[in-house]
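# Structural characterization, general
Listed below are the residues making up each chain.
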Amino acid sequence: MYVTDIRTSLSFWCGLIGFSVLYDRPEEGFAYLNLDGAHVMLEQRTETDRTWETAPFSYPLGRGINLQIKVPDTEPILFRLAEAGIPLFMNLEEKWYRADNVELGQKQFLVMDPDGYLLRLIVDLGERGIIDNGK
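Here is a short report on the structure shown in this document. (Residues numbered from 1 in each chain as written. Predicted model: local features only at pLDDT ≥ 70, side-chain atom pairs only at ≥ 80, totals over all residues. Heavy atoms only, no water.)

### Thoughts on the packing of aromatic side chains
- The full count for this structure, using the stated rule, is four aromatic pairs.
- Taking 5.3 Å as the distance between ring centres and 70 degrees as the angle between the ring planes, the aromatic pair formed by Trp-13 and Phe-19 counts as edge-to-face. Each member of the pair, Trp-13 as well as Phe-19, is classed as buried.
- With 6.2 Å between their ring centres and 35 degrees between their planes, Tyr-23 and Phe-30 make a pair best called tilted.
- Judged by its relative accessible area of 42%, Tyr-23 falls in the partly exposed class.
- One aromatic cluster is present, formed by Phe-12, Trp-13 and Phe-19 through successive ring pairs.
- Over the face of the ring belonging to Phe-30 we find Arg-25, whose NZ or CZ atom lies 4.1 Å from the ring centre. (Phe/Tyr/Trp six-rings, centres within 6.5 Å; stacked < 30°, edge-to-face > 60°. Buried < 20%, exposed > 50% of the residue type's maximum accessible area, 1.4 Å probe, protein only. Lys NZ or Arg CZ within 6 Å of the ring centre and 35° of its normal.)

As structure tokens, this is what we get:
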């Protein structure tokens, strides 16, 4: 994902969300990140580099998508975001989604990164039979 400032993005993704840098190329403004098996590549955009942009580069980036990232626990992340004064896009909730004949549950919240990418951080709650609410 293109970012406007790699240092700002690394502070957010690593310092607040909890990713670690697997490897980077600082001279290119590139970092490859991991959080419990979720991998993300960040690259600082420059006017002179070869780009794979499909539309004009304007904030918020990544419009129309949200990146679901499974984490072991939301509480430490929520604490760090609150301490940093980062507002949530959507507060923590428990949500169950139908998948064929079962429901898959997750605790989830959404937050925007410094470039406007929307992250949906989730804790897996497992599955259950479908609950009939009279619908």
